[in-house]
Structure formats: C-alpha cells, structure tokens
Amino acid sequence: MAFPSAVDSSQELLNAQSHVWNLTFSFINSMCLKSALQLGIPDAIHKHNKPITLSELADALSITKSKSHALFRLMRVLVHSKIFDKVKTGEEEEAYALTGTSRLLLRDEPLSFAHFALTTTDRVAVDTYHCMTEWFRDECPTPFETKYGRDVWEFGADDGKWNQLFNKGMTRDSELVGSIFVRECKHVFEGLEIVVDVAGGSGALAKAITAAFPGLRCVVLDLPQVVDGLQGSENVSFVSGDMFKFVPPADAVILKWILHDWSDEDCLKILEKCKEATVGGSGKVIILDMVVDCEKQEHKAIETQLFFDMAMMVGHGGKERTEKEWANLFSKAGFQNYNITPLLGLRSVIEVFP
Ligand SMILES: C[S@@+](CC[C@H](N)C(=O)[O-])C[C@H]1O[C@@H](n2cnc3c(N)ncnc32)[C@H](O)[C@@H]1O
Ligand SMILES: O=c1cc(-c2ccc(O)c(O)c2)oc2c(O)c(O)ccc12
C-alpha cells in the first residue's frame with residue numbers, strides 16, 4: 001500500500017488520522033455544551049449547593065431512567081473540556097461541581113454567557129456552515145444568505161424567536177463588557193455629555209455607562225425590531241433607524257461589536273455617518289472589537305479569534321481585523337489618530353480621533 005508522500009512512518013500516519021478524527025468530531029464539543037445548557041445542567045448543580053452525584057443530577061433534570069448512562073457519558077466529555085469538575089465525595093463516590101467556566105453559564109446570573117452560547121450553537125446559525133462550499137461558488141454575499149435568501153438582520157425581522165435569542169445574547173454580553181468598560185476606561189468618558197451607541201441593541205451598554213457617569217446622556221440607535229417598544233429613562237433614549245442613513249448628533253459615538261459584522265466598504269459608510277454625527281466631525285468614535293494578533297497571542301486565543309472571523313464571514317460578510325487593517329480603515333475614513341486599550345480577554349477599546 002502506498003502511503004501519502006508527506007507521511008513516512010506508521011506513527012505519523014496514526015497521528016495524522018487521530019488529528020483528522022479529532023477535527024471532524026470537534027463540533028461534538030459545541031453540541032455537548034448546547035445540550036448541557038438546554039438540559040439546565042449548570043443551574044441544577046448550582047441549585048444543589050454542593051457537588052452533585054450522577055443519580056441526583058439525573059433526578060434534578062428529570063432524565064429518562066434508561067438514559068442515565070448517557071448522562072454519565074455527556075458529563076465525561078464536559079469534564080474533559082473543563083466545563084465541569086469531578087470531585088471525590090467519599091471512598092467510592094464522585095460528584096460534579098461547577099468550574100469558573102460553568103459559573104458563567106448559569107442562566108439567571110447577571111453576567112451569564114448562556115444565552116450567547118445558545119445563539120451561536122442555534123440551528124439557525126449552525127446550518128449556515130453547511131452552505132459554505134455552495135457559497136464559495138455562488139454570488140451570495142454570505143453563506144447566511146445562501147441558506148436563507150436574506151441577510152441576518154432581515155431574517156431577524158421575520159423570525160421573532162431568533163431575533164429574541166440573538167438580542168438576549170448580545171444584551172448579556174454588553175452587561176458583562178459594560179461593567180468592565182466603565183470601571184477600567186473612565187478616561188474614555190472624560191468631558192463627554194452626550195454619546196450615541198450606534199446599533200446599541202437593547203441598551204445594556206448605555207445603561208451601564210449612564211449608571212457609572214450620571215452626568216452623561218446616551219442615545220441608543222438600532223433597527224425597529226430591536227428598539228421599538230423599549231422604555232427609555234432620564235438618561236437613556238432609544239431611536240429606531242438605519243445607521244447607514246442617519247446617526248443622531250453627539251460628542252462621541254460608540255460602536256460595540258458592529259464593525260466586525262461588516263465589510264471594509266460598509267464600515268467606511270458607517271464611519272462616515274458617525275464622523276458627521278460628532279458635532280461637525282470633531283468628536284471621537286469609540287470602538288469595542290477585537291484586534292487580531294496572530295504573533296503575540298497564545299494558540300487557543302488565536303484559534304478563538306479565527307473562529308470569530310469565520311463566524312463574521314459566514315453570518316454577516318464581516319471580519320475580525322488586525323491593527324494594520326484597523327489603521328487602514330481609519331485612515332481611509334479620514335481619521336487622523338487612534339488609541340488601542342486592551343479591555344477584556346480578546347477585545348479592545350479603540351478610540352478614533354478626527
Ligand atoms: C452584533 S449586534 C451588537 C449589538 C450591541 N452593540 C451589543 O454589542 O450588544 C449588531 C446590532 O446591529 C444592529 N443593526 C444591524 N444593522 C443595522 C442598521 N442598518 N442600523 C442600525 N442598527 C443595525 C442589529 O440590530 C444589532 O442590534
Ligand atoms: O458569536 C456570534 C455569532 C454570530 C452569528 C450570527 C449569525 C450566524 O449565522 C452565525 O453563524 C453567527 O453573530 C455575532 C455577531 O453579530 C456579533 O457582533 C458578535 C458575535 C456573534
């Protein structure tokens with residue numbers, strides 16, 4: 001039998017096969033996480049107040065008796081991927097406990113990541129990856145459009161369930177990011193009286209900012225399906241509209257997790273509207289997004305950024321950008337200067353000045 005030319009020993013062949021097996025089954029990690037969230041495993045362990053045994057967990061989740069061995073196997077994968085911990089509670093007995101990761105997955109915690117994980121693993125999003133190959137050969141802007149015949153925002157206007165799931169995931173992320181942003185980046189808000197959060201979703205970031213800086217007013221601009229019916233407050237107001245057409249005037253404009261959704265061409269249009277909005281072009285734009293760096297970061301962080309980049313390509317026709325790509329964009333949009341402050345894990349605050 002002829003071996004492929006790059007594989008010149010049995011050991012290398014077996015390693016290569018194992019590597020391919022691992023990659024082809026990698027989606028199982030996402031699907032096990034999704035199932036754990038849908039079954040409510042993190043919440044059941046939390047509610048138990050101490051490590052929970054398999055049979056206690058099966059009872060708490062109302063698992064069909066004959067499936068309890070399947071639950072053991074699901075938990076084994078989740079312990080392996082460090083979502084849960086397995087601890088000894090007696091001579092023989094073992095029980096499951098939460099880890100730092102699963103604490104973030106509790107549904108009703110203020111900074112829960114559960115809704116976000118349920119959005120990215122939802123069938124609506126996952127099915128688009130099956131269309132990547134078809135998309136490479138068709139004329140559609142994104143695999144999302146190859147699959148659904150319209151873009152993700154038009155889809156959200158039609159599909160209330162997806163719209164709600166997506167917005168809830170974003171809201172929780174903005175609560176998490178907002179709490180850190182206002183604590184770590186006070187300097188960003190100095191001298192500002194009114195800011196617009198462009199495509200600011202349901203206003204979670206605006207609420208965090210105005211709570212931390214009571215002298216500040218924040219206008220949240222987003223599409224009708226997101227902001228219609230939302231109640232403002234003394235310092236937060238909602239405007240329904242299209243950021244490609246009009247951005248309300250302000251001292252500064254915030255764009256959190258917006259520009260990575262769009263192509264360079266669309267980003268230039270958005271930045272142009274933002275520039276016009278900042279008092280005749282003299283205010284700054286505050287961007288919260290990733291700055292990709294494939295040299296300085298460690299392997300897993302790079303992989304996460306590359307996954308995000310694919311998600312942006314598949315879902316939106318957007319991309320994650322390196323500092324050089326950001327700088328290029330700012331210069332083309334007519335800005336003179338920028339300043340990057342790493343904020344939270346993989347994301348940074350980028351202040352852009354006219
Ligand atoms: C990825 S979400 C980010 C939401 C929010 N900034 C956050 O980080 O939680 C992108 C947002 O852009 C909004 N959006 C998309 N197209 C828009 C447009 N043309 N004008 C205004 N908002 C838009 C979506 O409705 C959505 O809320
Ligand atoms: O994790 C995300 C996932 C997606 C997403 C949407 C539709 C899809 O079909 C898809 O495959 C992925 O959208 C995001 C987004 O728009 C953000 O700004 C930030 C994070 C995400």
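Everything numeric here is computed off the predicted structure, so don't read it as measured data. (Residues numbered from 1 in each chain as written. Chains lettered and ligands numbered in written order. Predicted model: local features only at pLDDT ≥ 70, side-chain atom pairs only at ≥ 80, totals over all residues. Heavy atoms only, no water.)

Asks: So what about the packing of aromatic side chains? Which residues, and what values?
Replies: Note on aromatic pairs: each is described by the distance of the centres and the angle between the planes. Per the stated rule, a full pass over the model turns up 14 aromatic pairs. Relative to F166, the ring of W162 has its centre 5.7 Å away and its plane inclined at 40 degrees; by these criteria the two rings are tilted. Placement of the pair is W162 and F166 together in helix α12 (residues 160–184), with a separation of four residues, close to one helical turn. Summarising the burial analysis for this pair, W162 and F166 share the class buried. With a centroid separation of 5.6 Å and 55 degrees between ring planes, the pair formed by F330 and Y338 is classed as tilted. We classify F330 as buried; its relative accessible area is 2%. Through pairs of rings, three or more aromatic residues link up here, namely F113, F116, W257 and F308. When the ring centre of Y148 is taken as reference, the NZ or CZ atom of K147 above it lies at 5.9 Å. (Phe/Tyr/Trp six-rings, centres within 6.5 Å; stacked < 30°, edge-to-face > 60°. Helix = DSSP H or I, 4+ residues; strand = E, 2+ residues; numbered from the N terminus. Buried < 20%, exposed > 50% of the residue type's maximum accessible area, 1.4 Å probe, protein only. Lys NZ or Arg CZ within 6 Å of the ring centre and 35° of its normal.)

Asks: Run through the site of ligand 2, naming residues and quoting values.
Replies: Every one of the 17 residues lining ligand 2 counts as a neighbour, but T120, F144, H260, D261 and H316 are closest to it. Between an oxygen atom of ligand 2 and a side-chain N or O atom of H260, the distance comes to 2.6 Å. With respect to ligand 2, the side chain of H316 contributes an N or O atom lying 2.6 Å from an oxygen atom. Contact with the protein chains hides 97% of the accessible area of ligand 2, taken as 450 Å² for the molecule alone. Breaking the shell around ligand 2 down by element, the ones donating at least two residues are α7 (114–120), α8 (123–129), α12 and α16 (299–315). (Near = heavy atom within 4 Å. Polar contact = N/O pair within 3.5 Å; in protein donor to acceptor, adjacent residues only side chain to side chain. Areas by Shrake-Rupley, 256 points an atom, 1.4 Å probe, with all protein chains shown as cover.)

Asks: Could you give an account of unusual backbone geometry, naming the residues involved and the relevant values?
Replies: Backbone geometry places N49, a non-glycine residue, at a positive phi of 70 degrees. Assignment of secondary structure puts N49 in the loop between α3 (41–48) and α4 (54–60). Classification of N49 as exposed rests on a relative accessible area of 70%. Backbone geometry places S62, a non-glycine residue, at a positive phi of 55 degrees.

Asks: Can you tell me about the domain arrangement of the protein, naming the residues and giving the values?
Replies: As far as domains go, the protein holds domain 1 (6–102) and domain 2 (114–353). Just the C-alpha atoms count here: the centres of domain 1 and domain 2 sit 33 Å apart. Each partner contributes residues to the interface: domain 1 has five residues there, and domain 2 has seven residues. Among the residues domain 1 hides against domain 2, the three largest losses belong to M31, K34 and L37. Together they make up 79% of the total. One can count zero salt bridges joining domain 1 with domain 2. Linking domain 1 with domain 2 are one residue pair in polar contact (both at pLDDT 80 or more). (Domains from an automatic or database assignment. Contact = heavy atoms within 4.5 Å. Buried area = accessible area lost by both parts, 1.4 Å probe. Salt bridge = Lys/Arg side-chain N within 4 Å of Asp/Glu carboxyl O.)

Asks: Can you lay out the environment of G201 for me, pointing to particular residues and giving the numbers?
Replies: With respect to the helices and strands, G201 occurs in the loop between β3 (194–198) and α13 (204–212). For the pair G201 and P249, spaced 48 residues apart in sequence, the C-alpha to C-alpha distance is 18 Å. Excluding anything up to four places from it in sequence, G201 contacts V220, D222, V226, V227 and F238.

Asks: Which residues make up the packing of helix α15 (residues 264–277) against helix α17 (residues 323–332), and what values do they have?
Replies: The N-to-C vectors of α15 and α17 enclose an angle of 50 degrees; their axes lie 10 Å apart at closest approach. Taken together, the axes of α15 and α17 are oblique relative to one another. Note on packing geometry: the crossing formed by α15 with α17 is right-handed. Judged by residue contacts, D264, C267, L268 and L271 of α15 engage L329, F330 and K332 from α17. Looking at side-chain class alone, the contact of α15 with α17 contains five nonpolar, no polar and two charged residues. (Axes fitted to C-alpha atoms, helices over the stretch in contact; angles between N-to-C directions. Parallel < 35°, antiparallel > 145°, perpendicular 65-115°, else oblique. Left-handed = near helix turned anticlockwise from the far one by under 90°. Nonpolar A, V, L, I, M, F, W, Y, C, P; charged D, E, K, R; others polar.)

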